[in-house]
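Single-letter residue listing:
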Amino acid sequence: MTDTATLGLYGLGTMGSALALNILDKGFDLHVSNRSAEAVPAFVSEAEAEGLAAGLHGADSLEAMVKAMGAPRAIIMMVPSGAPVDATIKTLIPLLEEGDTIIDAGNSDFQATRSRTRTVEDAGLTYIGMGVSGGEDGARHGPSIMVGGTPEAWEATRAMIEAISAKFEGAPCAAHLGPDGAGHFVKTVHNGIEYADMQLIAEVYGLMRFGRNNSPAQIGEIFDRWNKGPLDSYLVEITGKVLQAVDGETGKPAVDVILDSAGQKGTGRWTAIEAIKMGRSASIIEAAVAARALSSETAVRAKGEELFGAVRCDLDLGDDDLEQALLVGRILAYAQGFRILAAASEEYDWSVDMARTAEVWRAGCIIRSVLLDDIADAFRSDLPEDQLMFAPGLVDRLKQAAPALRKVVCAAATHGHAVPALSSSLFFLDTIRHARGTADVIQAQRDFFGRHGFVRMDGREDQHGPWWD
Ligand code: 6PG
């Protein structure tokens, strides 16, 4: 039991069960239930087998679970995002009383979380939208947790949330990052960065595999090596492992028996959509979302190859070039993610603490990497134009590594390898480094066809060009 609330968890799927075991493992009492009641005794047996059933109370329905819990209650929903969350809230509201808290620990759309917060608060209850990252293993042994809700709701649940979270050098990777939808928005941006990083890694793999004819196992070894340097991260670590894995049935590299069509539940896409809505470039994340979508069009790509011919030829690229290129892409993907976060924080008046966000991502989550500790420090210093990529340490790294990215993108483009995320990284950097761009022409065109007006270089507004004289 926490100091302040009796804990309940509804939804014993893979993630729910893992999180429930984690809560029990940390010594909290826990009430559990599930939509189909059979899952409850199965979970109780699992907890017993792990010696964690002492404080566990199973109930065969949500109603029964709530009735068995003493007030105040904190109920974690681990149900699929969307309609199941609304249905669970609808059932819970009449069963709960003032002082009780409902926690949505799924990957919900932050706008839905904002509106659910209003609904739940109107009923006199408290709501937390909680982003949880780290997959099943993270949920069981320590995820990264991003909390959105009132300070009171955070204080009522903080002990449990910090206890179950991942730790970075002893510090909990869990934080209260703002009200209502802030926690889920931070998780959404996390996933946008996750998509970008995964795509960058996949492109680098593709260059080695199809441009240098390296085997998956050889590439896996290179990733293992990279994981000991500046690219040290969860995603590079698991890429090394998956590339060296062998399919039990065929004896082939495991990646070679997997259809090259990426799934997506939507959070990466939400990040790109919100970035566009707020007028912030997230080109690397957008490229990653688009690449996943195109990957699923397997028939179109097969026809495309038949009509245009695949032109992937040998590349003269060293491991170091690719390592540096990936490093630049990764830094800029983080930078784009934090730009979106800053824009949303301003738009919704959340005051999200960027340094805390980076700290919460240092362990437990999918995008954890050694860079995040430096990024947290950078946010605690004065950033020119509030831009992460202008932090002195990152400027040095980017300047040093950018020539390698340019070399990689040029080679890929010359020889017909598709590298949408790597090239978006390069062009993002190249756009940012030009004080004077080319939008003067766009402004002139807009004025020409629509009399939209433009600002002259001397600052005079609403001016027109000489086109109609
Ligand atoms: C995490 C992940 C996780 C995500 C899955 C699948 O942080 O643990 O982001 O929450 O849901 O990785 O996401 P996609 O199906 O969209 O790839």
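Residues numbered from 1 in each chain as written. Predicted model: local features only at pLDDT ≥ 70, side-chain atom pairs only at ≥ 80, totals over all residues. Heavy atoms only, no water.

**Remarks on the overall build of the protein**
Item 1. Scanning the protein from terminus to terminus reveals 19 helices and 10 strands.
Item 2. Dimensions of the protein, computed from the C-alpha atoms along their principal axes, are close to 75 × 65 × 45 Å.
Item 3. Counting every position in the protein, which comprises 469 residues, the buried fraction comes to 51%.
Item 4. Here the analysis covers contacts within the protein between residues at least 6 apart in sequence; of these, 69% occur between residues at least 24 apart.
Item 5. Split by element, the accessible area of the protein, about 21300 Å² in all, is 52% carbon and sulfur.
Item 6. For the protein, the separation between the mean place of its 42 positive charges and that of its 65 negative charges on side chains is 4 Å. (Helix = DSSP H or I, 4+ residues; strand = E, 2+ residues; numbered from the N terminus. Buried < 20%, exposed > 50% of the residue type's maximum accessible area, 1.4 Å probe, protein only. Contact = heavy atoms within 4.5 Å. Areas by Shrake-Rupley, 256 points an atom, 1.4 Å probe, with all protein chains shown as cover. Lys, Arg positive; Asp, Glu negative; His and termini not counted. Charge placed at Lys NZ, Arg CZ, Asp CG, Glu CD.)

**With respect to the domain arrangement of the protein**
Item 1. Domain boundaries in the protein define domain 1 (6-180), domain 2 (188-432) and domain 3 (439-468).
Item 2. Using C-alpha coordinates to define each centre, domain 1 is positioned 32 Å away from domain 2.
Item 3. In this assembly, 25 residues from domain 1 lie in contact with 22 residues from domain 2.
Item 4. Here domain 1 packs against domain 2, burying approximately 1700 Å² in sum over the two surfaces, 62% of which is carbon and sulfur.
Item 5. Considering only the surface of domain 1 that becomes buried against domain 2, Phe110, Phe168 and Leu177 emerge as the three largest contributors, covering 32% of it.
Item 6. Here domain 1 and domain 2 share 6 residue pairs in polar contact (both at pLDDT 80 or more) between them.
Item 7. Of all the elements in the fold, those that place two or more residues in the side of domain 1 that touches domain 2 are helix 5 (110-122), strand 7 (144-148), strand 8 (167-168) and strand 10 (174-178).
Item 8. The greatest single-element share of the side of domain 1 that touches domain 2, amounting to 4 residues, is contributed by strand 10.
Item 9. The residue inventory of the side of domain 1 that touches domain 2, partitioned by class, reads 12 nonpolar, 9 polar and 4 charged. (Domains from an automatic or database assignment. Buried area = accessible area lost by both parts, 1.4 Å probe. Polar contact = N/O pair within 3.5 Å; in protein donor to acceptor, adjacent residues only side chain to side chain. Nonpolar A, V, L, I, M, F, W, Y, C, P; charged D, E, K, R; others polar.)

**Focus on the sheet that holds strand 5 (residues 101-104)**
Item 1. If you trace the 8 strands from one edge of the open sheet to the other, you get 3-2-1-4-5-6-7-10, paired in mixed fashion. Here the strands that pair on one side only, and so sit at the sheet edges, are strand 3 (56-58) and strand 10. Along the sheet, successive strands turn relative to each other by an average axial angle of 25°, direction set aside.
Item 2. Where strand 6 (residues 126-133) meets strand 7, 5 bridges bridge the pair, whose relative direction is antiparallel. Paired with glycine 131 across the strands is methionine 146, a residue of strand 7.
Item 3. Running over the sheet, helix 4 (residues 83-95) touches strand 1 (6-10), strand 4 (73-77), strand 5 and strand 6 and is turned about 160° from strand 4.
Item 4. In this fold helix 8 (residues 182-211) packs onto strand 5, strand 6, strand 7 and strand 10, with an angle of close to 15° to the strand it touches most, strand 6. (Pairing = 2+ DSSP bridges. Axes fitted to C-alpha atoms, helices over the stretch in contact; angles between N-to-C directions.)

**Some remarks on the site of the ligand**
Item 1. Around the ligand, the structure places 14 residues, and the nearest of them are Ser133, Lys187, Glu194, Tyr195 and Arg292.
Item 2. The separation between an oxygen atom of the ligand and a polar side-chain atom of glutamate 194 is 2.6 Å.
Item 3. Contacts to the ligand include lysine 265, whose backbone N or O atom sits 2.9 Å from an oxygen atom.
Item 4. Expressed as a share of its isolated accessible area of 410 Å², the protein-covered part of the ligand is 80%.
Item 5. In terms of residues, the shell around the ligand owes the most to one element, helix 8, which gives 5 residues. (Near = heavy atom within 4 Å.)

**Some points on helix 9 (residues 216-226)**
Item 1. Listed as buried for helix 9 are Pro216, Ile219, Gly220, Ile222, Phe223 and Trp226. Taken around the axis of helix 9, the buried residues stretch over an arc of 160°, which confines them to a single face.
Item 2. Here the buried face of helix 9 lies against helix 8, helix 10 (234-244) and helix 14 (319-347). (Arc of directions from axis to C-beta.)

**Thoughts on the pattern of salt bridges**
Item 1. Scanning all chains against the criterion turns up 26 salt bridges.
Item 2. Close ionic contact of aspartate 321 with lysine 407 constitutes a salt bridge, the shortest N to O distance being 2.9 Å. Here the residue aspartate 321 occupies a position in helix 14, and lysine 407 occupies one in helix 17 (residues 392-415), the gap between them amounting to 86 residues.
Item 3. Exposure remark for aspartate 321: the relative accessible area of 15% places this residue in the buried category.
Item 4. The residue glutamate 359 makes a salt bridge to arginine 356 at a minimum N-O spacing of 2.8 Å. Of this pair, glutamate 359 and arginine 356 are both found in helix 15 (residues 354-360), 3 residues apart, which corresponds to roughly one turn of the helix.
Item 5. A relative accessible area of 12% places glutamate 359 in the buried class.
Item 6. Several salt bridges converge on common partners, so that one network encompasses Asp25, Glu50 and Arg140. (Salt bridge = Lys/Arg side-chain N within 4 Å of Asp/Glu carboxyl O.)

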